[in-house]
Structures are given as C-alpha cells and as structure tokens.
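Read off the chains here:
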Amino acid sequence: MFSAELKSDTLKGLVNIISTLIDEVKFTITPECMTLKAVDAAHVAMIEMEISKGAFESYSAEDTELGLDLDKVKGVLKLAGAGETIKMEQDDSTGKLVFKVGNITRRMSLIDTTGMNDPKVPQLNLLANIKVPIEELQKGIRAVESISDHITLKAGPEFFELSCEGDTDSVSLKLDASTAKISTDTDVCSMFPPEYLANIIKAIPSGTQVNIELDNDYPVKLVFALAEGEAKVSYLLAPRIESE
Amino acid sequence: MFSAELKSDTLKGLVNIISTLIDEVKFTITPECMTLKAVDAAHVAMIEMEISKGAFESYSAEDTELGLDLDKVKGVLKLAGAGETIKMEQDDSTGKLVFKVGNITRRMSLIDTTGMNDPKVPQLNLLANIKVPIEELQKGIRAVESISDHITLKAGPEFFELSCEGDTDSVSLKLDASTAKISTDTDVCSMFPPEYLANIIKAIPSGTQVNIELDNDYPVKLVFALAEGEAKVSYLLAPRIESE
Amino acid sequence: MFSAELKSDTLKGLVNIISTLIDEVKFTITPECMTLKAVDAAHVAMIEMEISKGAFESYSAEDTELGLDLDKVKGVLKLAGAGETIKMEQDDSTGKLVFKVGNITRRMSLIDTTGMNDPKVPQLNLLANIKVPIEELQKGIRAVESISDHITLKAGPEFFELSCEGDTDSVSLKLDASTAKISTDTDVCSMFPPEYLANIIKAIPSGTQVNIELDNDYPVKLVFALAEGEAKVSYLLAPRIESE
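Described below are features of the structure shown in this document.

How each quantity is defined
- Residues numbered from 1 in each chain as written.
- Chains lettered and ligands numbered in written order.
- Predicted model: local features only at pLDDT ≥ 70, side-chain atom pairs only at ≥ 80, totals over all residues.
- Heavy atoms only, no water.
- Helix = DSSP H or I, 4+ residues; strand = E, 2+ residues; numbered from the N terminus.
- Rg over C-alpha atoms; globule rule 2.2 N^0.38 Å.
- Buried < 20%, exposed > 50% of the residue type's maximum accessible area, 1.4 Å probe, protein only.
- Contact = heavy atoms within 4.5 Å.
- Axes fitted to C-alpha atoms, helices over the stretch in contact; angles between N-to-C directions.
- Parallel < 35°, antiparallel > 145°, perpendicular 65-115°, else oblique.
- Left-handed = near helix turned anticlockwise from the far one by under 90°.
- Nonpolar A, V, L, I, M, F, W, Y, C, P; charged D, E, K, R; others polar.
- Salt bridge = Lys/Arg side-chain N within 4 Å of Asp/Glu carboxyl O.
- Least-squares fit on C-alpha atoms with pLDDT ≥ 70 in both.
- Buried area = accessible area lost by both parts, 1.4 Å probe.
- Polar contact = N/O pair within 3.5 Å; in protein donor to acceptor, adjacent residues only side chain to side chain.
- Pairing = 2+ DSSP bridges.

### Structural notes on the overall build of chain A
Point 1. When you go through chain A residue by residue, the secondary structure sums to 4 helices and 18 strands.
Point 2. Expected size for 244 residues packed as a compact globule is a radius of gyration near 18 Å; at 19 Å, chain A falls within 12% of this value.
Point 3. Principal axes of the C-alpha set define a box for chain A whose edges measure 60 × 35 × 30 Å.
Point 4. Taking all 244 residues of chain A together, the buried fraction comes to 52%.
Point 5. Long-range pairs, those at least 24 residues apart, make up 67% of the contacts in chain A with a sequence separation of at least 6.

Okay, structure coming up:
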C-alpha cells in the first residue's frame, strides 16, 4: 500500500537529481520515508536519497518497493503547473501507480524490482569538509566547460579550488573563507570526470548549500538537502587517478 | 477588388488554425465576409471558416477569390509587432496582394485558384454536445502525448472524457458538469488520430470556449469563435474505427 | 604589457560585431586605444574598429599586439552576468591573457600574430549619406529574409530604400525624411549579398544610429559607435554587380 501527495516542484527537484545518474530506479518505502540507493551504469557515481514523510502533503504507506521509470514521471511533471499538487496511489488490483494532477489521471506500469539490489555504500572518512553555495559551483562548472578536461578539486585550510587544465588554456574557480566554510588541516586534491560533476552540480537548485567531503585521490562526496530539508541527498563520485 | 486592414494578432490567430491542416488556401471574398472551406491532403479533417467584416479594422471588397500561401503570410506576421496593423490590398494591375506593415511593403504573388474546388461539407446530426474551456483540452492533449496511441473521446449525461490507452500505461482527462457543459441523453464514444486532434487543440488560443459535437464511431466537430466572435470556425475530424 | 577592466556588456557588444566577420583577430594596442582591421575569409567585407581608453573601467598598456580567438572570449562572456566587470591582464612570463570574472580565473593562450597583416583600407568618397536608427534596418532585414535574394540599397534626396526582388514576390523598406536623415543630390543604388548585410545589421545593438554611405555599384559603408561613443566601427561591404 502506498498513497501520497506532494507539490510538483518538490517531485521535480528530486527527479532532476536522480536522473543525472539513472532512469529506472527502485524506491524502498516505509511508513516513515522513501529511500533510494543507486549507481550509474558505469559504476562511477552513487546516489543515496532519503525523502521523509514531511516532504509530502500527505503520506500513507506500508513497507514496500516501487520500481519507477523516471522518464515517465517527468512526463507527469509536465502536466502540473508550479505549486500544483500531484497525487500518487498504488492500485492494489493492477499493481500500477496512479498519478492524479487536476482532472488528469495517469496510470503507470511499474518496473519489476526483482534483482534490483541496493548497491553497497562505502564507508569513507574524508579529510576535508567544505560548505559552499551551489551558485559558486555552478559558475565554476560553466567556466570549465570551455576546456572539458578532468576537473581538479583542491582544498587547503584557507581555500577551495575547482580547476581544469587543458593543453594551452586553463580555468579555475578559487574561493576563500569569505564564500566557503572550509575545514581541513592539510591540503587535499583529487581529479574527477567533468560530465558527472557538471550534471549533478547543474541539477541542484539555487539557494542550496552543498557540503563537499574531499581527500587525496579519493572519491568526493556531495551532501545536500532538498524539499526544505525534508529530503537528504548524498552523491559519491569516483576519482580519476592520473597514471604516470 | 480587395482591400482590408486588420490587427496582426487577429490575422495570426486565423492563420494558426488553418495551417494545422493546409498551407495553400482559397478564400472566397464577398463585400461582407471572407470564407474558407478546406480539407487536408489525407482527407481526414475539414475546416470551415467565416471571417466577417467586423474582424477587420477596415474592409472593402467585391466578390472575388484569393489564393494564398500561408507560409508566406506567416513571414509577414513576423514583421508585425503585437497590436500592429497589417494592411492588405490587391494590386489590380499585377494581381498581386500587397501587404503593408509600418514602413515595409511586401508584394506577394497569389496562387491560381482555378481547380481549387470547395469540399462538400457533410450534414451531421451528432448526439452529444459538450462545451469546454480550451485550456482543459490542452491539458488533456499534453497528457496523452506520452502514450501517443489513438485518442478516445467519450461523453455521457454527467461526464466528458479524453483518454488514451497504451499497452501498459494509460492516461485520461475526465471532466464533470462543474467544468464542461454537457448535453446528451446517452453515452457516446469515438476514437481519433492523436496528431490531428493535438494540432488543432494546441492552435486554439487561450480563453476560447470550444463546442464539441460527438457521436458513436462518427466524426467529431469542434466549433469555436476567434477574433472576438467575428470569425467562426468549424473543424471536422474523421474517426478511427477499430477493426476487430 | 596590457591590463584592462571593462563591463561584460561592453565587451560583448564589441565581440558580437567583429565575430560576424571573423573569429581569429589581431588587436593593435597602444597606451591610448585598441584598434582592429580585418577582412573576412572571402574578402567581401572589412571591419575597422577603434576602442578608446574611455570604453574601459581601467586601461594600462604599452604598444603591443594581441591575437585573440573570439570563440574563447565568448566563453568568458558567458561567465559574466550583465553589468559584471571583466578583468584582462597579459601574463608577461607565459604570454597568456588572463581573464578574471568574480572568483573565476581563465588563462587563455594567444594566437601568433606573425603574418597577420592589417588589410589596406580603401579610400572611398561615396555620394550619399543616410543616418537611420538600427531598428528600422533590422525590420527591413527580417522582411527580406523571406525572399533571400540580393538586397538593393537605394537613396535619393527624399528617400532611403532597402529592397529585395524575387522571381514572383518582392519586399521593401522605404524610409522618408521623417525617419532617416538623408543627404544626397542624386539617386544612388547598389546591390549586396543578403547574409553579410543581415549579420552585421542584426549584431548592432538597439538604440544605435547608423550612418550609411552609399553610391552607384560601389561598396556600402556602415559607420556607428558602440560603448557609449567610446568605440567607433566602420564596416565596408563589397557590392554585387549584376552582369547582363
């Protein structure tokens, strides 16, 4: 049993984040929250999301799993105006998920979740912790797109830097303590594939504070909240290690 | 002889509707109005339009015919700002139609209307009559686009429904008497090709009330007014009859 | 040595004009101004630009040359919001040009200007002189796009006309002394390739007065100011001479 209502903007924000990585997803549903753990097909990035009951206008569920094709859910989002409420209800007889938006009813077949195992989330203890407004990261990402090589993230006690070095040209975003809240004793530095970082950073809505956990040649972890704090997201991206 | 002035927005609204079906058209012109009867190349839909003198800022004509390429007229519309007046005048010496927009003069060759016969309009007496705001139909059309199979229109004494059933998914817009003004004694139902219905419904401007005449496995007729009531449109679409 | 700051909108306006003709350019820099002379690859049009010190927020330079890829500069412009200041500084050790926009640093390799000789600017003494608001020319250009044949520019003591004659259709923009300030004793007329004229006219910002110098089967010269009068542009376009 699953039945819930939420604002279309809330659903849109969540779907935008997940679909940077994957289109067919399994949500684990409990009476208190929906959770998701997923890796992309290339096993380069992983996302964990927990959407608590409080993100919904109404929420009523028993323990279950829900396999969704996010492309179809995006189709439903197009039918709803900003601020409009979307109602979701699982039809127990057919097993389909029924969306209602205004006078529209959309019956959606679900994906079989058999064999969709949750990925194992690695326990990491990363040295540096940096808190930045997403707008700064988005400026940095737009800047490196002209170079489109690996992106280097660096941090030291007094700075955080996102940079990209091409054969002849280079670009960097450098933030000091006036913009970023930095916590690290030593300098750390790792390199990442540009498209993954660009996709997730562009999908995070304006006004979000992102917590970056960084280390030397280690994955980076972006932690942030959506849905006015009622949804928590953790995004883990594997580093590119320069072979020399 | 033909000479007229009208607001660019009025002309745009009329051209948008006709060009969902056909690009080269023949207008029959009288001292009182312009009329058009046309079918599309596949003979699936038919449009009848009557634009009365009152839709124009000024209008002066003798009985004549005017063959127009609507693609060229759209080019003229791009030159006019909202609210700007477009002047049309037939040049008696060259036979061309001269458009004037501000300081711009556009001389347009006409299409030879010899052999462009008006289609015969079938007399239909359809059982159900439903009056709906175009915005609701447009929401329904956006919703069925994710399925893109035949669209079913149904009506009964208490409801009007636009729906689309795919292999696994389905979508419907269901209106009751609070949104649609419905007049029918029995239930009626016909199926239609989705692209035709989508094109005409999207082309009708916001704020328009559309009168839908519907029956069982019969054509549907959409009747509506444009140009503040000074232009009347009747759009007839053939049904798809399911062979079993 | 070269170091300067300017508003992103100013730089954008200048780059838009030059890049209608050419992407890789050589600027000649003096302590007082930057100048550019360039022809397009087909040698059909030529541009001269002088950007005086006053167009910049700050400007400090010795005599030098700067070879720039405008595509890369456009990438920098995308990083700056309207009204934001862009800082440019030549790095004497690497020779690269360093752009700074907010917290972003973009190091750009320069183009080797060896062998990039300035084109010789012909001395012309054209009969007619017409001053028009760019908005009128832009309307004329939009109008002729439906015909896309050679564009004819004509002027007489009482009129200026931009027109285009196709096989069956034609279009013209005709201005009188109420819109254009015309100075010529006799009628003049030349024909031009439509794309070149369209590209430059579309690139000139709204609110600009353009001075057109015109003669019989001779190049046309468009002279206008950018950057609130601190940059002067002269654009010369070769005529198409009808062979009969």
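### Here's the deal with the packing of helix H1 (residues 8–18) of chain C against helix H2 (residues 70–79) of chain C
Residues and elements named next belong to chain C.
Point 1. At their nearest, the axes of H1 and H2 sit 10 Å apart, and the two run at 150 degrees to each other. Considering the angle they form, H1 stands roughly antiparallel to H2. Judged by the sense of rotation from one axis to the other, the crossing of H1 with H2 is left-handed. Counting all contacts with H1, which are made through Ser8, Leu11, Lys12, Val15 and Ile18, the residues of H2 involved are Leu70, Val73, Lys74 and Leu77.
Point 2. Across the contact of H1 with H2, the residue classes break down as 6 nonpolar, 1 polar and 2 charged.

### Regarding the pattern of salt bridges
All names here are of chain A.
Point 1. Counted according to the given criterion, the structure contains 20 salt bridges over all chains.
Point 2. The partner of Asp118 in a salt bridge is Lys26, and the shortest N-O contact between them spans 3.6 Å. With Asp118 in the loop between strand E9 (104–108) and strand E10 (128–133) and Lys26 in strand E2 (residues 24–29), the pair connects residues that are 92 residues apart, well separated along the chain.
Point 3. The shortest N-O distance in the salt bridge between Lys139 and Glu136 comes to 4.0 Å. Here Glu136 and Lys139 lie together in helix H3 (residues 134–144), a separation of 3 residues that amounts to about one turn.
Point 4. The network of salt bridges with common partners includes Lys26, Glu65 and Asp118.

### Looking at the relation of the copies chain A and chain B
Point 1. Superposition of chain A onto chain B requires a rotation of 120 degrees combined with a translation of 0.1 Å along the rotation axis, giving an RMSD of 0.1 Å. The superposition operator between the copies reduces to a three-fold rotation axis. Across chain A, the smallest distance between a C-alpha and the rotation axis is recorded for A:Ala82, namely 16 Å.

### Observations regarding the interface of chain A and chain C
Point 1. Contacts between the two partners involve 16 residues from chain A, matched on the other side by 11 residues from chain C.
Point 2. Of the roughly 1,000 Å² buried between chain A and chain C on both sides combined, carbon and sulfur atoms contribute 41%.
Point 3. If you sort the residues of chain A by the area they bury against chain C, A:Thr168, A:Asp169 and A:Ser170 come out on top, with a joint share of 39%.
Point 4. Summed over the shared surface of chain A and chain C, the number is 2 salt bridges.
Point 5. With a closest N to O distance of 3.2 Å, C:Arg106 and A:Asp169 form a salt bridge.
Point 6. Where chain A touches chain C, the interface holds 10 residue pairs in polar contact (both at pLDDT 80 or more).
Point 7. Mapped onto the side of chain A that touches chain C, the elements with two or more residues apiece are H3 and strand E13 (170–176) of chain A.

### As for helix H4 (residues 194–203) of chain A
Point 1. Of all 10 residues that make up H4(A), 7 are buried, and the element is covered over most of its length.
Point 2. Restricting attention to buried positions, one finds in H4(A) the residues A:Pro194, A:Tyr196, A:Leu197, A:Ala198, A:Ile200, A:Ile201 and A:Ala203.

### Re the environment of C:Leu66
Residue and element names in this part refer to chain C.
Point 1. By secondary structure assignment, the location of Leu66 is in strand E6 (residues 64–69).
Point 2. Measuring from C-alpha to C-alpha, the distance between Leu66 and Val15 comes to 14 Å, with 51 residues separating the pair along the chain.
Point 3. Beyond its immediate sequence surroundings of up to four residues, Leu66 is in contact with Phe2, Val25, Lys26, Phe27, Ile29, Gln90, Leu97, Leu110 and Thr113.

### Details of the sheet that holds strand E12 (residues 159–165) of chain B
Point 1. If you trace the 9 strands from one edge of the open sheet to the other, you get E5(A)-E1(A)-E7(A)-E8(A)-E9(A)-E13(B)-E12(B)-E11(B)-E15(B), paired in antiparallel fashion. Two strands in the sheet have a free side with no partner beyond their single neighbour: strand E5 (58–61) of chain A together with strand E15 (188–192) of chain B. Mean inter-strand twist for the sheet, computed between neighbouring axes without regard to direction, equals 15 degrees.
Point 2. Relative to E12(B), strand E11 (residues 151–156) of chain B runs antiparallel, the two sharing 5 bridges. Counted as the bridge partner of B:Ala155 is B:Phe160 from E12(B).

### Looking at the sheet that holds E10(A)
All names here are of chain A.
Point 1. What the 9 strands build is an open sheet, ordered E6-E2-E3-E4-E18-E17-E16-E10-E14; its pairing is antiparallel. Two strands lie at the open edges of the sheet, namely strand E6 (64–69) and strand E14 (181–183), each paired on one side alone. Across the sheet, the mean angle separating the axes of adjacent strands is 15 degrees when strand polarity is ignored.
Point 2. The sheet contact formed by strand E16 (residues 209–214) and strand E17 (residues 220–226) spans 3 bridges and is antiparallel. Note that in E17 the partner of Asn211 across the bridge is Val223.
Point 3. Strand contacts of H4: strand E4 (45–52), E17 and strand E18 (231–237), with the helix running at about 170 degrees to E18, the strand carrying the most contacts.

### Thoughts on unusual backbone geometry
Point 1. Of note in this structure, B:His43 is not a glycine but carries a positive phi near 55 degrees.
Point 2. Among the structural elements, B:His43 can be located in the loop between strand E3 (33–39) and strand E4 (45–52).

### Regarding H1(C)
Point 1. For H1(C), the buried fraction is high: 8 of the 11 residues fall into the buried class.
Point 2. What H1(C) keeps buried is the set C:Ser8, C:Thr10, C:Leu11, C:Gly13, C:Leu14, C:Val15, C:Ile17 and C:Ile18.

### So, the interface of chain A and chain B
Point 1. Listed as interface residues are 11 residues of chain A and, on the opposing side, 16 residues of chain B.
Point 2. Between chain A and chain B lies a buried interface of about 1,000 Å² when both sides are counted; carbon and sulfur atoms form 41% of it.
Point 3. A per-residue breakdown of the area chain A buries against chain B is headed by A:Asn103, A:Ile104 and A:Arg106, which together make up 49% of the total.
Point 4. Where chain A meets chain B, there are 10 residue pairs in polar contact (both at pLDDT 80 or more).
Point 5. For the side of chain A that touches chain B, the secondary structure elements donating two or more residues are helix H2 (70–79) and E9 of chain A.
Point 6. Here the element with the most residues in the side of chain A that touches chain B is E9(A); it accounts for 5 residues.

### Digging into the environment of A:Gly54
Point 1. Structurally, A:Gly54 can be placed in the loop between E4 and E5.
Point 2. On a C-alpha basis, the gap between A:Gly54 and A:Ser146 in space is 41 Å, while along the polypeptide they are 92 residues apart.

### A word on the pairing of strand E10 (residues 128–133) of chain B
Residue and element names in this part refer to chain B.
Point 1. When E10 meets strand E16 (residues 209–214), the two strands line up antiparallel, connected through 6 bridges. When the sheet's bridge partners are listed, Lys131 is paired in E16 with Asn211.
Point 2. Pairing geometry for E10 and strand E14 (residues 181–183), over 3 bridges, is antiparallel. Bridge pairing in E14 places Ile130 opposite Ile182.

Limitation: the analysis is restricted to geometry and does not speak to function.
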